[in-house]
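Report on the structure
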Amino acid sequence: MARNIVDTLQPRSAVPATLIGVGLGLGAGSLVAASVSALAGYFARRVVTPEERRTGNSIIREVVTDAEGKLWLHFTKDSDTSEPGPCSFLTEFDSCALRLSAPEPVPGKPRLVARKIEKVYHGTLQGVRRGNLSGAIYEHPSDLGFDAEDVVVPLDGGDGPAWLVRGSANEDIWVIGVHGRGARRNETIRALPALGELGVTTLLMSYRNDGLAPGAPDGRYGLGDTEWHDVEAGIQFALDNGAKRIILMGWSMGGAISLQTADRSELARHIDSLILVGPVINWVDVLSHQARANKIPQSVGLFGQWLLSNKAGRWVTGQAAPVNLRRLNWVERADELKLPTLIMHSRDDEFVPNGPSLKLAALRPDLVTLKTFAKAGHTREPNVDPQGFAQAITGFLGKRMALLETI
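Summary of the structure given here. (Residues numbered from 1 in each chain as written. Predicted model: local features only at pLDDT ≥ 70, side-chain atom pairs only at ≥ 80, totals over all residues. Heavy atoms only, no water.)

Once that is clear, we can look at the sheet that holds strand β9 (residues 158-165). Strand order in the open sheet formed by 8 strands is β8-β9-β11-β10-β12-β13-β14-β15, with mixed pairing between adjacent strands. The open sheet has two edge strands with one neighbour each: β8 (149-155) and β15 (368-373). Each strand of the sheet is rotated relative to its neighbour by a mean of 25°, with strand direction disregarded. Pairing analysis gives 7 bridges linking β8 to β9, with the strands arranged antiparallel. Residue Asp150 lies in a different strand from β9, and its bridge partner there is Trp163. Contacting β10 (170-178), β12 (245-251) and β13 (271-277), helix α6 (residues 253-264) runs over the sheet at an angle of about 145° to β12. Relative to the sheet, helix α10 (residues 355-363) contacts β14 (341-346) and β15, its axis offset from that of β15 by approximately 145°. (Pairing = 2+ DSSP bridges. Helix = DSSP H or I, 4+ residues; strand = E, 2+ residues; numbered from the N terminus. Axes fitted to C-alpha atoms, helices over the stretch in contact; angles between N-to-C directions. Contact = heavy atoms within 4.5 Å.)

For the rest of this paragraph, the subject is the pairing of β10. Among the 9 residues that make up β10, 7 are buried, leaving the element largely enclosed by the rest of the structure. For β10 and strand β11 (residues 200-205), the ladder comprises 5 bridges, and the chain directions are parallel. Bridge pairing in β11 links Val175 to Thr202. One crossover worth recording links β10 to the parallel β11 by way of helix α4 (residues 192-198), and it is right-handed. Pairing analysis gives 6 bridges linking β10 to β12, with the strands arranged parallel. Across the sheet, residue Val178 finds its bridge partner in β12, namely Gly250. (Buried < 20%, exposed > 50% of the residue type's maximum accessible area, 1.4 Å probe, protein only. Right-handed = clockwise from strand over helix to strand, strands pointing away.)

Each aromatic ring pair is specified by the distance between its two centres and by the angle formed by the two planes. Scanning the entire structure with this criterion turns up 4 aromatic pairs. With centroids separated by 6.3 Å and ring planes inclined at 65°, the aromatic side chains of Trp174 and Phe237 adopt a geometry described as edge-to-face. Of the two residues, Trp174 is situated in strand β10 and Phe237 in helix α5 (residues 228-240); the sequence distance between them amounts to 63 residues. Under the relative-accessibility criterion, Trp174 is labelled buried at 1%. On the accessibility criterion, Phe237 (13% relative accessible area) is buried. Aromatic side chains Phe303 and Trp306 sit 6.0 Å apart centroid to centroid with 40° between the ring planes, which places their arrangement in the tilted category. Of this pair, Phe303 and Trp306 are both found in helix α8 (residues 298-309), 3 residues apart, which corresponds to roughly one turn of the helix. This pair shows no difference in class: Phe303 is buried, exactly as Trp306 is. Arg333 extends its terminal NZ or CZ atom over the ring of Trp330, reaching a point 4.1 Å from the ring centre. Sitting over the face of the ring of Phe373, Lys371 holds its NZ or CZ atom 5.3 Å from the ring centroid. (Phe/Tyr/Trp six-rings, centres within 6.5 Å; stacked < 30°, edge-to-face > 60°. Lys NZ or Arg CZ within 6 Å of the ring centre and 35° of its normal.)

The subject of this paragraph is the packing of α5 against α6. In the contact formed by α5 and α6, the axes pass within 9 Å of each other and the chain directions differ by 70°. For the element pair α5 / α6, the angle class is roughly perpendicular. At the point where α5 passes α6, the crossing takes the right-handed sense. Contact residues: Trp228, Val231, Glu232 and Ile235 in α5; Ile257, Gln260, Thr261 and Arg264 in α6. Split by residue class, the contact of α5 with α6 holds 4 nonpolar, 2 polar and 2 charged. (Parallel < 35°, antiparallel > 145°, perpendicular 65-115°, else oblique. Left-handed = near helix turned anticlockwise from the far one by under 90°. Nonpolar A, V, L, I, M, F, W, Y, C, P; charged D, E, K, R; others polar.)

Glancing now at α5. In this model α5 runs 18 Å from its N-terminal to its C-terminal C-alpha over 13 residues, within 8% of the 18 Å that 1.5 Å per residue would give. Among the residues making up α5, those that are buried are Trp228, Asp230, Val231, Glu232, Ala233, Gly234, Ile235, Phe237 and Ala238. Lining the buried residues of α5 we find β8, β10, β11, β12, α6 and β13. Trailing α5 by a residue or two, Gly242 shows a phi angle of about 105°, which is positive. (Expected span 1.5 Å × (residues − 1).)

Further remarks concern the nonpolar core. In terms of nonpolar packing, the biggest core is built from 66 residues, with Leu203 and Trp283 touching the most fellow members. Dropping the residues within four chain positions of it, Trp283 is found in contact with Leu223, Met253, Ala256, Leu325 and Leu328. Listed in part, the 22 residues of the second largest apolar core include Val277, Phe373, Phe396 and Leu397. (Core = buried A, V, L, I, M, F, W, Y, C linked by side-chain atoms within 4.5 Å.)

Of the pairings in the sheet, the one linking strand β2 (residues 71-76) to strand β6 (residues 112-122) comprises 5 bridges and is antiparallel in character. Across the sheet, the residue bridging to His74 is Ala114, located in β6. In terms of strand pairing, strand β4 (residues 97-100) meets β6 through 4 bridges, oriented antiparallel. Looking at the pairing, Leu100 lines up with Ile117 of β6. Across 2 bridges, the pairing between strand β5 (residues 104-105) and β6 is antiparallel. Across the sheet, the residue bridging to Glu104 is Ala114, located in β6.

The values reported here are purely geometric and, on their own, carry no functional implication.
This is the structure:
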């Protein structure tokens, strides 16, 4: 199915001619074409446009104090609020940030779910009714007891803030954490316990359009097709500061970025391996899934993909250049994968389905180590199964480091 969808994106005229051609008629035909074009344009713009304001979908119904004086938030029960594992709660404009416990039922109130406030990072709940729940449960490496230096990585558009956690026994092996779309560098903190056990140095970096690093000139995501230049700058920073070998650890879209870096960077020879968490292996699969999940007709979803991947779509999406979706499809390009890769992906990921990860692992068992998880939402693997997550990393990197010692 992925191959068929990708193939429909490649012709320069077939898809738009089919859809736009409807608009050559009169009356209802032109209205249908206008509706298709408008919805497809909206879908395509949303994919590549960073969100500046998030009002939040999780609704607080009650704030309750238990017998020990601990505060609990009671949320309307849905797939987000009842998802297993701890999470963070962020209000609009990040005015308040909390770390919350795993969900628990509210006795006598089956439509609610409770989470205990474990830490207040900043702000207050006064007047707050809703917010966003995130798997990025730590605000700074110090929340896990790690000393981190504030450093800057020179990017094309300016300085990108980063945290540097120096290693001990293997300080010249650097892991570069690459966060996902709509996230920030704190998403990657959850890997520090496993990486600290191995004694490697870790660079948790920011990149264009994430709200910390300078924005791209067009203000749009490249879905990995452009952001890899910033990760290349992170590699250069590591090499300039004593790194001998590099491991890229990409989360979600950060997985797509890491794969592009390893494939296209002049510094790729310094990359030993990849670790990918809930990665985007094939953007066409993700976009098709998101269209279905949002009840967008298939024709509209395909036209939206065409807008993203063709020059004519730039006038609608605001992109400086189209996204090469074929180049981002590592199921189709499985034979071009060159580096040992650990993929950790939940079978219950409803945002980035793990089908392409399974396919890539099946196609390249010589290079890909696959660790699947259950009950974890998108990039929530370390929240739901922290021990399994850490063991997968230490097992994979332990073998890689043993090999490096023999070289």
